[in-house]
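Summary of the model geometry
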Amino acid sequence: MVPALLLIDVQNNMLLPPTPVPDADRIVAAITQVLERARAAGAQVVHIRNNGTGDDPDVPGTSGWELVHEVRPGEHVVDKQTPDSFADTQLGSLLPESTPLVVVGMQSDFCVRATALAALNRGHEVTLVQDAHATYDDELSAAEESARVNEELSTAGVKLVGSEEVVFA
């Protein structure tokens, strides 16, 4: 079965100025490469968009809330308000249980982590593209935090691959 691609929170507020994640240009290039490969293979593409509240930079209708990549006909947009993209959204109904998933996006330690773990719990085979997810510097550097998430998710059963290795077949 052809995997579906989940683009988690690939939104302007985290990838474009004024406050992009560290190395945002490289991350966008990797995500774009994976997206193009998925589209060429006819894979299901789901854009997941965070809906912030209050003073968040991704409040619906703001430029920060907008998706980086254009949504093409046949692709879905799932709006969410929690890190787990399956929680209180239609994502689960869009993806048959046996559908393998390829995951890219923002932020490694929040929405990417929560969604990958939720997908595993729902019986999906999950592949995380190591160079196509990121976060911000905090107690650990962004790179260290993303590496920590990779290790945690790998231990949980997520397959890790580089953007050059992703196959939609």
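Residues numbered from 1 in each chain as written. Predicted model: local features only at pLDDT ≥ 70, side-chain atom pairs only at ≥ 80, totals over all residues. Heavy atoms only, no water.

1. Details of the environment of Arg 148
Tracing the backbone shows Arg 148 in helix α5 (residues 142-156). Not counting chain neighbours up to four residues away, the residues in contact with Arg 148 comprise Asp 109 and Leu 140. (Helix = DSSP H or I, 4+ residues; strand = E, 2+ residues; numbered from the N terminus. Contact = heavy atoms within 4.5 Å.)

2. Things to note about the pairing of strand β5 (residues 126-134)
Two faces, one strand: in a regular strand the side chains alternate between the faces of the sheet. The element β5 is largely enclosed, with a buried count of seven among its nine residues. One ladder, built from five bridges, connects strand β4 (residues 101-106) with β5; its direction is parallel. Within the sheet, the bridge partner assigned to Leu 101 lies in β5 and is Val 126. Following the chain from β4 across helix α4 (residues 108-121) to the adjacent parallel β5, one finds a crossover that is right-handed. Of the strand pairs in this sheet, β5 and strand β6 (residues 159-161) are connected by three bridges, and their pairing is parallel. Considered in β6, the bridge of Thr 127 is made with Lys 159. With respect to chirality, the unit in which β5 leads through α5 into the neighbouring parallel β6 is right-handed. (Buried < 20%, exposed > 50% of the residue type's maximum accessible area, 1.4 Å probe, protein only. Pairing = 2+ DSSP bridges. Right-handed = clockwise from strand over helix to strand, strands pointing away.)

3. Topic: the side chain of Ser 146
Residue placement: Ser 146 occurs in helix α5. Within the structure, Ser 146 has its side chain in polar contact with the side chain of Ser 108 (distance 2.8 Å). (Polar contact = N/O pair within 3.5 Å; in protein donor to acceptor, adjacent residues only side chain to side chain.)

4. Topic: the pattern of salt bridges
Close approach of charged atoms lets side chains of opposite charge pair. Counted according to the given criterion, the structure contains seven salt bridges. Note that Arg 26 and Asp 23 form a salt bridge whose closest N and O atoms lie 2.4 Å from each other. Note on Arg 26: relative accessible area 40%, which makes it partly exposed. The network of salt bridges with common partners includes Arg 113, Glu 145, Arg 148 and Glu 152. (Salt bridge = Lys/Arg side-chain N within 4 Å of Asp/Glu carboxyl O.)

5. Considerations on unusual backbone geometry
The peptide bond linking Pro 17 to Pro 18 adopts the cis configuration, its omega dihedral lying at 20°. Within the element layout of this structure, Pro 18 appears in the loop between α1 (12-15) and α2 (24-41). Even without a glycine there, the phi angle at Asp 9 is positive, about 50°. Note on placement: Asp 9 falls in the loop between β1 (4-8) and α1.

6. A short note on a negative patch on the surface
Negative charge collects at one region of the surface, where Asp 137, Asp 138, Glu 139 and Glu 144 lie side by side. Along the chain, the position of Glu 144 falls in helix α5. Judged by its relative accessible area of 46%, Glu 144 falls in the partly exposed class. (Patch = residues over 30% accessible without salt bridge, like charges linked within 9 Å, V, L, I, M, F, W, Y side chains within 5 Å. Areas by Shrake-Rupley, 256 points an atom, 1.4 Å probe, with all protein chains shown as cover. Lys, Arg positive; Asp, Glu negative; His and termini not counted. Charge placed at Lys NZ, Arg CZ, Asp CG, Glu CD.)

7. Focus on α2
Taking 1.5 Å of rise per residue, the 18 residues of α2 would be expected to cover 26 Å, and the 26 Å separating its terminal C-alpha atoms lies within 8% of that figure. Those residues of α2 lying buried are Ala 24, Ile 27, Ala 30, Ile 31, Val 34, Leu 35 and Ala 38. The buried residues of α2 occupy an angular sector of 130° when the element is viewed end-on, so they sit on one face. Of the exposed residues in α2, the ones pointing more than 90 degrees away from its buried face are Asp 25, Glu 36 and Ala 40. Looking at the buried positions of α2, the neighbouring elements they touch are β1, α1, β2 (45-50), β4 and β5. (Expected span 1.5 Å × (residues − 1). Arc of directions from axis to C-beta.)

8. Comments concerning the side chain of Thr 135
Examined against the element boundaries, Thr 135 turns out to sit in the loop between β5 and α5. Judged by relative accessible area, Thr 135 falls into the buried class, the value being 1%. A distance of 3.0 Å separates polar atoms of two side chains, one belonging to Thr 135 and the other to Gln 107. Residue contacts for Thr 135: discarding those within four places in its chain leaves Val 21, Pro 22, Gln 107, Ser 108, Asp 109, Ala 142, Glu 145 and Ser 146.

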